[in-house]
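So the chains spell out like this:
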Amino acid sequence: MPITVGAICLPVTAQAYVGPGAGLTAIGTLIALAAAILLAVVGFVWYPMKRMMRNRAERQDTRTAGSGDEGRRE
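Quick caveat: nothing in here was measured; it's all calculated off a predicted structure.

A.B. asks: Let's hear about the overall build of the chain: which residues, and what values?
C.D. replies: Helix and strand counts for the chain come out as two helices and zero strands. Within the span of the chain, comprising 74 residues, buried residues form 3% of the whole. Put simply, the chain shows about 7,200 Å² of open surface, and 68% of that area lies on carbon and sulfur atoms.

A.B. asks: Any chance you could break down a nonpolar patch on the surface for me, citing the residues and the numbers?
C.D. replies: A cluster of nonpolar side chains, Leu30, Leu33, Ile37, Val41, Phe44, Val45, Trp46, Tyr47, Met49, Met52 and Met53, forms an exposed patch at the surface whose accessible area comes to about 1,200 Å². Topologically, Val41 is positioned in helix H2 (residues 20-66). Accessibility expressed as a relative area gives 45% for Val41, which makes it partly exposed.

Reading the values: the criteria
Residues numbered from 1 in each chain as written. Predicted model: local features only at pLDDT ≥ 70, side-chain atom pairs only at ≥ 80, totals over all residues. Heavy atoms only, no water. Helix = DSSP H or I, 4+ residues; strand = E, 2+ residues; numbered from the N terminus. Buried < 20%, exposed > 50% of the residue type's maximum accessible area, 1.4 Å probe, protein only. Areas by Shrake-Rupley, 256 points an atom, 1.4 Å probe, with all protein chains shown as cover. Patch = residues over 30% accessible without salt bridge, like charges linked within 9 Å, V, L, I, M, F, W, Y side chains within 5 Å. Salt bridge = Lys/Arg side-chain N within 4 Å of Asp/Glu carboxyl O.

Written as structure tokens, this is what we have:
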């Protein structure tokens, strides 16, 4: 019985209107959220990888620079 009364009280269709101001605000919020997620991925993934690649290249440069004339004896 309570389920039947609850179902009768529910509206059949939603009569809703989103004005232009609220619509533009919602679109702007979604764009800002997407940009924030993208920048978070860049900050947490790209920059540490970039630093790791730079450190690896510097280590290889020091190894190749050290193997020049020091290994030769005259």
